[in-house]
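# Structural description and commentary
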Amino acid sequence: MLVFVAAFVLSAALTLIVVRLLRSRGWATKDHDLTGPQKVHVHPVARVGGIGVFATLGVLALAFALLQPQSALGRMLLLLLLCGAPAFVAGLLEDVTKRVSVAMRLLAAILSAVLAVFVLGTAITRTDLLLLDWVASFAVGAALLAVVAVAGMANAVNIIDGFNGLASMCVVMILLAVAYVAGEVGDALVMLLALAGAGAILGFFIWNYPAGLIFLGDGGAYFLGFYAAEVALLLLARNTQVSPLFPLLASIYPVFETLFSMYRRKVVRGRAVGMPDGVHLHSLVYRRLLRWAVGRTDAAALTKRNAMTAPYLWLLSMLAVVPSMLFWDDSRILGAFIVLFAAVYVSLYALIIRFKAPRWLQLRPGSPPRR
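Conventions we followed
- Residues numbered from 1 in each chain as written.
- Predicted model: local features only at pLDDT ≥ 70, side-chain atom pairs only at ≥ 80, totals over all residues.
- Heavy atoms only, no water.
- Helix = DSSP H or I, 4+ residues; strand = E, 2+ residues; numbered from the N terminus.
- Buried < 20%, exposed > 50% of the residue type's maximum accessible area, 1.4 Å probe, protein only.
- Contact = heavy atoms within 4.5 Å.
- Areas by Shrake-Rupley, 256 points an atom, 1.4 Å probe, with all protein chains shown as cover.
- Salt bridge = Lys/Arg side-chain N within 4 Å of Asp/Glu carboxyl O.
- Phe/Tyr/Trp six-rings, centres within 6.5 Å; stacked < 30°, edge-to-face > 60°.
- Core = buried A, V, L, I, M, F, W, Y, C linked by side-chain atoms within 4.5 Å.

## Things to note about the overall build of the protein chain
In terms of helices and strands, the protein chain carries 14 helices and two strands. Within the span of the protein chain, comprising 371 residues, buried residues form 53% of the whole. For the protein chain, the share of sequence-separated contacts (at least 6 apart) that also reach a separation of at least 24 residues comes to 73%. When the accessible surface of the protein chain is split by element, carbon and sulfur atoms take 71% of a total near 16800 Å².

So this is what it looks like as structure tokens:
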């Protein structure tokens, strides 16, 4: 718990410093686009919150390396940061310059994943899925599976980062699930890595949710996805009794959101898979459900709607995270829950996309009742 608390306090302090420094300056760091398809904030907000998380883990890595050189925690944290640096820096450059393409950011995430395979040994050598197990039986195939999984997770967290607290809390839940399973199998190192990450993210979270004083930005989102994926792969690589489907189920919400978005854009709408749109599940919850619940459209009401959106998706994510923790060593049950989640997600999406608010919900404050 000491690592978790230290990471939380340090991250909260560092993020607060960033918030204060950029409140009246740092024009380039702020998101001034208030009209884009996925933009729901009402004032320009700094989108470099990932700095506090990355810096916190860096300070912890140096502290443990200097104060407890015999401990592997400091060295492993430092290696994770070094491997994740390309993804973080590319995203941060996009946050500041707005000129780094999606393709370049994805290439940076792939580079981070490749580095992790060679430096950390996080290739995926087993999947408990027949065809993929054959691929994983080859060194090149195992490395490619890890690269796809890690880069995909980095991109997935960036995709769900549309509302205050949504992406950061989902990653916290994933890391806490990893910490729990690591504790069950007696892997103290992975447990501490997961708790350090969760604490650092929560330190950012208190300034991001509910008021949105700072955003993760692409740098923060890509790094959080990379970190969660690599810590989960370390758990698998070090503990063969953990099912390889455990991390997939724990992170299935952002992963399935990404896959479904690609299908929706390319197959249903005939557009490029990287083209942003405003019909993600979290966007639909905001626009179709909470629009009527709040009613007003002033700045305070829009901020309230923003904050009310994330808990619905946290609950959806928990529907996968909790069973992943309960059945972490049983691939058959985990696989069944993955299929069940996909069915629930698609059904929920279809219900919301067709949603029509009841007449009584469509009344605005002060409007006469309909006859």
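## Structural notes on the pattern of salt bridges
The full count for this structure, using the stated rule, is five salt bridges. Its salt-bridge partner being Arg47, residue Asp218 comes within 2.9 Å of it at the nearest N-O pair. With a gap of 171 residues between them, Asp218 in helix H9 (residues 217-238) and Arg47 in the loop between strand E2 (45-46) and helix H2 (50-67) connect regions that are remote in the sequence. Accessibility classification places Asp218 together with Arg47 in one group, the buried group. A single network of salt bridges, built from pairs that share partners, joins Arg47, Asp95, Arg105 and Asp218.

## Comments concerning unusual backbone geometry
Omega for the bond connecting Tyr209 with Pro210 falls within 30 degrees of zero, at 10°, which places this linkage in the cis form. Here the phi dihedral of Lys98 falls at roughly 60°; this positive angle occurs in a residue that is not glycine. Position of Lys98 relative to the elements: it lies in the loop between helix H3 (72-97) and helix H4 (102-120). You can call Lys98 partly exposed: its relative accessible area is 37%. In this model, Asp128 sits at a positive phi of 60°, which is unusual for a non-glycine residue.

## As for the packing of aromatic side chains
Think of a pair of aromatic rings as described by two things: how far the centres are apart, and how the planes are tilted against each other in angle. Under the counting rule described, the total for this entry stands at 19 aromatic pairs. Here Phe260 and Tyr349 contribute two aromatic rings whose centre-to-centre distance is 4.9 Å and whose plane-to-plane angle is 65°, an arrangement assigned as edge-to-face. Residue Phe260 is located in helix H11 (residues 252-268), and its partner Tyr349 is located in helix H14 (residues 331-353); the two are separated by 89 residues in the primary sequence. Both residues of the pair, Phe260 and Tyr349, belong to the buried class. Judged by centre distance (6.4 Å) and plane angle (35°), the rings of Phe341 and Tyr345 are tilted. With a gap of four residues between them, Phe341 and Tyr345 both fall in helix H14, about one helical turn apart.

## Re the nonpolar core
Most often, soluble globular proteins have nonpolar side chains that are buried together. The biggest cluster of nonpolar side chains holds 108 residues, and the ones touching the most others in it are Leu193, Phe223, Tyr227 and Phe246. Excluding residues within four positions of it along the chain, Phe223 makes contact with Val53, Phe54, Leu57, Leu81, Gly84 and Phe88. Residues Ala87, Ala109, Ala154 and Tyr222 belong to the second largest nonpolar core, which totals five residues.

## Here we look at the side chain of Thr56
Within the secondary structure, Thr56 sits in helix H2. Owing to a relative accessible area of 0%, Thr56 belongs among the buried residues under this scheme. Excluding its chain neighbours within four sequence positions, the residues that come into contact with Thr56 are Ala7, Leu10, Ser11, Leu14 and Ala200.

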